[in-house]
Amino acid sequence: MNTEVAIIGGGLAGLNAARLLHAAGIEFLLLEARTTLGGRIQTVNESGQPDADGFDLGPSWFWPRMQPAIAALVAELDLPTFVQNSDGDIVFERMSRESAKRYRGLDQESETMRLVGGSAALVRALAKDLPEARLRCGAQITKMRLTDAGVKLSIRFADGQKEKLRASQVIAALPPRILESSVRFEPPQEPATIQLWRQTPTWMAPHAKFFAVYDRPFWREAGFSGTAQSMVGPLAEIHDATTSTGSAALFGFVGMGAEQRAAIGEEALTRTCVQQFARIFGPEAAQPRATLYKDWAADPLTATSADWFSAGHPHAPDEGWITGPWKDRLVLAGSEASSVEAGYLAGAVEASTRAATDLINKLATNRN
């Protein structure tokens, strides 16, 4: 199996790179280890199944004024958006022995935007315009070997089958830590490159999100925005997760480390998170119709053991992500590789656009 460009990773970055290569008439093959496209973008219904009007277990927001690259992509794809609800009072919990404090919300226009249909609307829009035969899910890269003609990739499919792929160039649209830990390189990456990849935090990887789904957004009726900050927990940050069609939900980021979450377990965490919602927003919050929990640290295609203890935003190095013999054949294009919006949806767009554009220009020069 041969292709001009192999793209590793079928999230927003990989799909955007594929879109740009396809528009330039460059042959590509996109390989995604998960059984579905999207990567850390996962929009599901209250049963946890992928849905076109669901809740975002991964990234949910973007800020058009501050992030022009993703704003332009959303506009180009003609995707409808709506404002993250911020109308109403906010709540702050400082100590377990004190009642939660309620504060009047700021009367200002919110710049935090969401996509109608969830963040997976981006995935669906990008994938539908790409050749289906060029998108391979359940395909994990286990090894890359540098050759005179390019790169030879070893693929292991979800059904256990194995295959070889030859490509002139490779775009790695996945977190550097995952790339380093899951792919064996021949020749090996240089020690400085390995250290850089290992030290780069993967956004979302240390975190867990909890959702409670309700029949209606009753907190709005009581004058709450759904936003809360807590030093009591278990949720440290809470927001309204109601969809554009009115499917009501609250969500929060669990404010404890991955090791502690694993020790407590999902059942106990669910119980205490619901209790916290009730403590803040009233007794109606104690009876959700459904709950959802996603611990990204437990996702082997998102997190390594290093992510259990490492948080913060990644930072692009001045000297570049790759040195040595691999520099001319491999480029990093995941969100973590962005020089301006690392970790965000916007970072995935920026990094993949830069990588694909540079590669298109490089291939055009080689042909001439």
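Structure shown above.
Remember, it's a predicted structure, so these values are computed and weren't measured experimentally.

A. Region of the structure containing the overall build of the protein chain. Check the secondary structure of the protein chain and you find nine helices and 19 strands. A globule of 368 residues ought to have a C-alpha radius of gyration of about 21 Å, and the protein chain, at 21 Å, matches this closely. The principal-axis extent of the C-alpha atoms belonging to the protein chain is close to 65 × 40 × 40 Å. Of all 368 residues assigned to the protein chain, the portion counted as buried reaches 54%. For the protein chain, the proportion of contacts with a sequence separation of at least 24, taken over those separated by at least 6, is 70%. A total of about 16600 Å² of accessible surface is found on the protein chain, and carbon and sulfur atoms cover 50% of it. Separation of charge centres in the protein chain, based on 37 positive and 42 negative side chains, amounts to 5 Å.

B. Region of the structure containing the sheet that holds strand β15 (residues 224-230). In spatial order, the strands read β7-β6-β15-β16-β17-β14-β18; together these seven strands make up an open sheet with mixed pairing. Since the sheet does not close on itself, it has two edges, and those belong to β7 (101-103) and β18 (290-295), each with one partner. Across this sheet, the average inter-strand angle for adjacent strands is 20°, counted without regard to direction. By the bridge criterion, three bridges tie strand β6 (residues 89-93) to β7 in an arrangement that is antiparallel. Paired with F92 across the two strands is K101, which belongs to β7. Contacts between helix α8 (residues 266-281) and the sheet are confined to β6, β14 (208-214), β15, β16 (235-240), β17 (248-254) and β18, with β16 contributing the most and set at about 65° to the helix.

C. How the structure looks around the packing of aromatic side chains. Considering all chains together, one arrives at 14 aromatic pairs under this definition. The structure contains a cluster of three or more aromatic residues connected by ring pairs, namely F55, W61, W63, W203, F211, F251, F253 and Y344. Over the face of the ring belonging to W296 we find K294, whose NZ or CZ atom lies 4.6 Å from the ring centre.

D. Representation of helix α2 (residues 68-76) in the model. For α2, every residue scored as buried is listed here: I70, L73 and V74. Axial view of α2: buried residues confined to an arc of 100°, hence all on one face. Away from the buried face of α2 by more than 90 degrees, exposed residues P68, A75 and E76 are located. Against α1 (12-23), β5 (81-83), β8 (113-115), α3 (120-128) and α9 (345-367) lie the buried residues of α2. In the segment just after α2, D78 is the residue with positive phi, at about 60°.

E. The packing of α2 against α9, seen in detail. Remark: α2 packs on α9, axes separated minimally by 8 Å, with the N-to-C direction vectors making an angle of 85°. Taken together, α2 and α9 sit at an angle that is classed as roughly perpendicular. Facing A69, I70 and L73 of α2, the residues of α9 in contact are L345, A346 and V349. Residue classes in the contact of α2 with α9 are distributed as six nonpolar, no polar and no charged.

F. The arrangement of the pairing of β6 in detail. Here β6 shows a buried face lined by D89, V91 and E93 and an unburied face lined by I90 and F92. When β6 meets β15, the two strands line up parallel, connected through four bridges. When the sheet's bridge partners are listed, D89 is paired in β15 with F224.

G. Fine view of the pairing of β17. Buried residues dominate β17, accounting for seven of its seven residues. By the bridge criterion, six bridges tie β14 to β17 in an arrangement that is antiparallel. Residue pairing in the sheet places A212 in a bridge with L250 of β17. Here β16 runs beside β17; their pairing, made up of five bridges, is antiparallel. Looking at the pairing, E237 lines up with F253 of β17.

Calculation criteria
- Residues numbered from 1 in each chain as written.
- Predicted model: local features only at pLDDT ≥ 70, side-chain atom pairs only at ≥ 80, totals over all residues.
- Heavy atoms only, no water.
- Helix = DSSP H or I, 4+ residues; strand = E, 2+ residues; numbered from the N terminus.
- Rg over C-alpha atoms; globule rule 2.2 N^0.38 Å.
- Buried < 20%, exposed > 50% of the residue type's maximum accessible area, 1.4 Å probe, protein only.
- Contact = heavy atoms within 4.5 Å.
- Areas by Shrake-Rupley, 256 points an atom, 1.4 Å probe, with all protein chains shown as cover.
- Lys, Arg positive; Asp, Glu negative; His and termini not counted.
- Charge placed at Lys NZ, Arg CZ, Asp CG, Glu CD.
- Pairing = 2+ DSSP bridges.
- Axes fitted to C-alpha atoms, helices over the stretch in contact; angles between N-to-C directions.
- Phe/Tyr/Trp six-rings, centres within 6.5 Å; stacked < 30°, edge-to-face > 60°.
- Lys NZ or Arg CZ within 6 Å of the ring centre and 35° of its normal.
- Arc of directions from axis to C-beta.
- Parallel < 35°, antiparallel > 145°, perpendicular 65-115°, else oblique.
- Nonpolar A, V, L, I, M, F, W, Y, C, P; charged D, E, K, R; others polar.

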